[in-house]
Amino acid sequence: MGRAEERRARQRGHRAAPKRRRSVPAAGAKPAKGRIRRLFTWKKMLGTFLGLCLLGIGGFIVLYLVVDVPKGNAAARQESNVYKYSDGSVLARVGEVNRESVDLAKVPKEVQRTFVAAENKSFYHDSGIDVRGLARGLFNTVTGRGTQGGSTITQQYVKNYYLNQDQTVSRKLREMVISLKVDRRLGKDEILAGYINTSYYGRNAYGIQAASQAYYRKDAAKLTVQQGAYLAALLQAPSQYDWAVAGPVGKRLVQARWNYVLDNMVKQHWLDPAERQSMNFKKDALPKEPKGTPGEEGQKGYLVKLANQQLEQQLMKQQGMTQAEAENAVVDRGWTITLNIDKKKQAALEKAVKSQLTSKLDRKKRKVDGNIQAGAVSVNPKTGKIVAMYGGQDYFKHYYSNATRRDYQPASTFKPVILAAALENNATTQTGKPITANTVYDGTSGRQVVDHGSKVGFGPPNEDHVNYGPITVQQSMNQSVNSVFAQMGVDVGMSKVMDTAKRLGMDTDGMQAVPAQTLGSMGASPLEMAGIYATFDNHGYKVTPGILKSAEQKGRSVAIPDPIGSQVISRTAADTVTSVLTGVVDDGTAKKNVANNPLRNGQQVAGKTGTSDENKSAWFTGYTPDLVTSVGLFGEDNKSKAHVSMMGATGLLPSPGRVNGGTYPAQIWAAYTFGVTGEAKFDLNTTQGAAVQPTDTPTFSQTPSQTPSNTPSSAPPTSTTPSTTPTQTPTQTPTTGAPTTGTPTTGAPTTGTPTGDVTDNPLDEGNGGTGQ
């Protein structure tokens, strides 16, 4: 066989050999790992990553070439805001631009540096953008994760002067490109000057010169480093950090921010450490009282301010703006804002305050008369709309709105919240009996509160130290008996009480769940209390009072949320509270000035009085089926703004002249409410309380040293009994005779002088409520 034949034979052999068959994986079997490895090799992954990077770089180059620096328009974008009543008539037109640009050379160097220390320590050597912060902001915008700060000074200047406050991806990308170009074209001093001259500082002030005048009544050239640090700190949240209107949280935060700014200056070697140590915020940086702007006189300024705040809150929620961005986007930006304020009700409320209170004050005769501040909020419980509001004597004279301030105690107006918590949680007394309107407690003044047999070191006195002995919950609410509700709060569990308060609409952040809170020793505003009582009136459906009806700006509008929310407590619990509160009006502390008011025309009324310790605040929050109004009076020193007693105000009250909730607050409430409402009855789903059954009056265990200002009446309440007859008989009949010296049926300790760590004023430090 030749070589050629051998080769052909070998080829024939190869062709004849059987082919190897590929194995086919069984159904459901996992693919071979080798295939996955081939698909995700490191080379392919790296190539994909590099491709995306090149694509991003290419896109940015195109964007950089396409986007140019626009003409500045900060001043051009400032237009008057128009505010309207609910019927469309004009309430106010606000927008006289308060801006005056100054040359950077006229601003002290150390003051210039406070802004750099506050906002952007790398300003003098960065490229104008913060890449990490920008990426984080873009990601949060795309994913809807809310506000994102942290921009450089250049970026903020570009946003203020060239763009707007909208939180969109396109705006942020344009901001980045323009910031890079601006940083190349302008010097750092020019950028810093533009930034401090276009920023919004609150008090309707744009630019450092306007801010310097608004806060310190001086030109920017005369600012100290301490004052400059305050203005720089303001930029994070202008309204919240304005010392004149800031609450406890705002004051704490702005002081922390002020310290942060000055400490950063030390780190940057711009401020001597020894000099820094000697600086004190309250001594060196406290601003002066603000002045209103044209168009905000009288009550207008208070209404405008609340409208702006609620609009800003919506922009923060819906567009992810920071608070500073939202304020900058609202104030003097050409909005047409329609309020829920009813023109006639607003006039009626103002008239009621004047006729019942302010016309009787004479600061020349009595110093205390100059310290009386009134605030009120009126809400439709079915819609949640704020239909009238009284913020103070005049926005130009008292910048801080008494309608929204939260620095005074609501006192006994908090007691219905305790009852609501008891009913909602099916709470029981210490002996296991259900807490109802008919449950009997020991009403001895100063009685030591107990928890499972142990004293808790708390025994609040009743007003005028009256001992009521065995007394029902209904009667205790009528007479505002502190000792009963202190025990009830512990029976329910204070954590549950505070949780109920939060669900009803009270801002409980930072509040401790301690027995002292049963006296309303926390801070609350008439706006807050109106919302809580409106939720009772609305059968347990949450009411968050809203002043905004609509807000439009150049063809676009902002969605206004429904003030009526979900059910936060059961209808039975809410209606039972309402039923009990009719007893306060018809048979308790509000009987004289509300139930027996000659203006009353068949309106069924529920409400609660409240008077804080040392008579520093007095309240009446009450409601008819279609209107809820909270009225508060506050003792505020005319000069120092410290909380002071209102004792002796007007000189018209019986000695010692205590201004309690049943006096002027109730009078204002009645003059207003009975003038704007007609006959109405509550639709209640309950078998408890004064609205469905008469209450008996207890006899005191001992004669009080002073007759209470409102003598209890044994007559049934004037409220009309609902057509539905209670389906069950109360489980316990209250004792109406003189109390025995034994243990009351609820298991409370015997009457007498309490022992333990109890004082006549258990809230010496907290100024808790002790009265009606």
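Predicted model only: the values in this text are computed from it and were never measured. (Residues numbered from 1 in each chain as written. Predicted model: local features only at pLDDT ≥ 70, side-chain atom pairs only at ≥ 80, totals over all residues. Heavy atoms only, no water.)

Section: the overall build of the protein chain
Heads up, the condition is: Only runs of H or I of at least four residues qualify as helices and only runs of E of at least two qualify as strands under DSSP, and these elements are numbered from the N terminus. Here's how the labels work: a residue is buried when its accessible area is under 20% of the maximum for its type, exposed when over 50%, partly exposed in between, all with a 1.4 Å probe on protein chains only. In what follows, a contact means two residues having at least one pair of non-hydrogen atoms within 4.5 Å. Here, Shrake-Rupley sampling with a 1.4 Å probe gives the accessible areas, and only protein chains in the shown set may cover a residue.
Per the secondary structure count, the protein chain includes 25 helices and 18 strands. Counting only residues that meet the buried cut, the protein chain has 54% of its 772 residues in that class. Here the contacts in the protein chain between residues at least 6 apart in sequence split such that 75% fall between residues at least 24 apart. Of the roughly 34000 Å² that the protein chain leaves accessible, carbon and sulfur atoms contribute 51%.

Concerning the packing of aromatic side chains
Selection rule: Here a pair means two rings of Phe, Tyr or Trp (six-membered ring of Trp) with centres within 6.5 Å. Their orientation is stacked below 30 degrees between planes, edge-to-face above 60, and tilted elsewhere. Two conditions define a charge located above a ring, namely a distance within 6 Å from the ring centre to NZ of Lys or CZ of Arg, and an angle within 35 degrees of the ring normal.
If you walk through the whole model with that rule in mind, you get 21 aromatic pairs. Aromatic pair Tyr216 and Tyr230: ring centres 6.3 Å apart, planes at 80°, arrangement edge-to-face. One end of the pair, Tyr216, is in helix α9 (residues 208–216); the other, Tyr230, is in helix α10 (residues 225–234), with 14 residues separating them in the sequence. Tyr230 shares its class with Tyr216; the two are buried. Ring centres 5.3 Å apart and planes at 85° place the aromatic pair Tyr302 and Tyr395 in the edge-to-face group. With Tyr302 in helix α15 (residues 300–319) and Tyr395 in the loop between β7 (386–390) and α18 (415–424), this pair connects stretches of sequence that are 93 residues apart. A relative accessible area of 3% means that Tyr395 is categorised as buried. Aromatic rings pair up to connect Tyr215, Tyr216, Tyr230, Trp243, Trp258 and Phe281 into one cluster. Note that Lys188 overlies the ring of Phe123, its terminal NZ or CZ placed 4.7 Å from the centroid.

Describing the sheet that holds strand β6 (residues 372–379)
We count it as follows: At least two DSSP bridges between two strands are required for those strands to pair. Helix axes are fitted to C-alpha atoms over the stretch in contact, other axes to C-alpha atoms as well, and angles between N-to-C directions run from 0 to 180 degrees.
Ordered in space as β7-β6-β18-β17-β16, the five strands form an open sheet in which the pairing is antiparallel. Edge strands, defined here as strands with exactly one partner in the open sheet, are β7 and β16 (606–611). Between one strand and the next, the sheet's axes are offset by a mean angle of 5°, whatever the strand orientation. Strand direction decides the pairing type here: β6 and strand β18 (residues 627–635), joined by eight bridges, are antiparallel. Its bridge partner being in β18, Ala376 is matched across the sheet by Val631.

Comments concerning the nonpolar core
Note that soluble globular proteins tend to have their nonpolar side chains buried in a common cluster. The condition is simple: Buried Ala, Val, Leu, Ile, Met, Phe, Trp, Tyr and Cys residues that are joined via side-chain atoms within 4.5 Å together make up what is termed a nonpolar core.
Residues Ile337, Leu339, Ile386, Phe414, Met488, Phe536 and Ile547 are the most contacted members of the largest nonpolar core, which totals 89 residues. Apart from residues no more than four positions distant in its own chain, Ile547 is found in contact with Leu303, Leu306, Ala307, Gln310, Thr338, Leu339, Asn340, Ile341 and Ile386.

With respect to the packing of helix α4 (residues 109–119) against helix α12 (residues 248–267)
To keep things clear, this is the line we draw: Under this scheme an angle from 65 to 115 degrees is roughly perpendicular, one under 35 degrees roughly parallel, and one over 145 degrees roughly antiparallel; angles in between are oblique. Residue classes follow a fixed rule: Ala, Val, Leu, Ile, Met, Phe, Trp, Tyr, Cys and Pro count as nonpolar, while Asp, Glu, Lys and Arg count as charged, and any other residue, Gly among them, counts as polar.
With their axes 8 Å apart at the nearest point, α4 and α12 run at an angle of 110° to one another. On the basis of their axis angle, the class for α4 and α12 is roughly perpendicular. Two secondary-structure elements touch here, α4 through Glu110, Arg113, Thr114, Ala117, Ala118 and Glu119 and α12 through Arg257, Tyr260, Val261, Asn264 and Met265. Its residues assigned to classes, the contact of α4 with α12 comprises five nonpolar, two polar and four charged.

Focus on the pattern of salt bridges
As a working rule, side chains carrying opposite charge can pair if their charged atoms are close by. The line we're drawing: One speaks of a salt bridge when a side-chain nitrogen belonging to Lys or Arg is within 4 Å of a carboxyl oxygen belonging to Asp or Glu.
Evaluated as defined, the whole model comprises 20 salt bridges. Across the salt bridge formed by Glu119 and Arg257, the nearest N and O atoms sit 3.3 Å from each other. Within this pair, whereas Glu119 is found in helix α4, its partner Arg257 is found in helix α12, the two being separated by 138 residues in sequence. Between Asp575 and Arg571 there is a salt bridge, with its nearest N and O atoms 2.9 Å apart. Here Asp575 pairs with Arg571, and both are found in helix α23 (residues 571–587), just four residues apart, close to one helical turn. The exposure class assigned to Asp575 is buried, which follows from its relative accessible area of 0%. On the accessibility criterion, Arg571 (29% relative accessible area) is partly exposed. Ionic contacts of the salt-bridge type, sharing partners, join the residues Asp126, Asp183 and Lys188 into one network.

Let's talk about empty space enclosed by the protein
Condition: Grid points spaced at 1 Å over the protein atoms alone were grouped into cavities, where a 1.4 Å probe fits but cannot get out, and pockets, open sets with protein on both sides within 12 Å along at least five of seven lines, with lining residues defined by an atom within 4 Å of a point. Grid points are joined across faces, edges and corners, and a volume is the space filled by probe spheres set on the points.
A complete count under the given rule lists seven cavities of 30 Å³ or more for this structure. Lining the largest cavity are 18 residues, with Tyr200, Asn204, Ser239, Lys305 and Asn308 positioned closest to its centre. Secondary-structure elements contributing two or more residues to the lining of the largest cavity are α11 (238–241) and α15. For the lining of the largest cavity, the element with the most residues is α15, which contributes five residues. Residue composition of the lining of the largest cavity, grouped by class: seven nonpolar, five polar and six charged.

Concerning the pairing of strand β2 (residues 90–94)
Here strand β1 (residues 81–84) pairs with β2 via four bridges, running antiparallel. Residue pairing for β2: Val82 is matched across the bridge by Arg93. The antiparallel hairpin formed by β1 and β2 contains five residues in its connecting segment, where Gly88 sits at a positive phi of about 95°.

Re the environment of Ser151
Mapping Ser151 onto the fold places it in the loop between α5 (131–143) and α6 (153–161). Taking the C-alpha atoms as reference points, Ser151 and Gly128, separated by 23 residues in sequence, lie 9.3 Å from one another. Those residues in contact with Ser151, other than ones at most four positions away along the chain, are Glu119, Gln156 and Glu175.

Quick word on α12
So the rule is basically this: Here, expected helix span is obtained from the residue count minus one, scaled by 1.5 Å. Picture the helix axis, draw a direction to every C-beta atom, and the arc is the one those directions span.
The terminal C-alpha atoms of α12 lie 29 Å apart, and with 20 residues this matches the ideal 28 Å at 1.5 Å per residue to within 8%. Of all the residues in α12, the buried ones are Gly250, Val254, Arg257, Trp258, Val261, Leu262, Asn264 and Met265. Looking straight down α12, one finds that the buried residues subtend no more than 155° of arc, so they occupy a single side. The exposed set on the far side of α12, more than 90 degrees from its buried face, consists of Pro248, Arg252 and Lys267. Where α12 terminates, the next one or two residues include His269, which has phi positive at roughly 65°.

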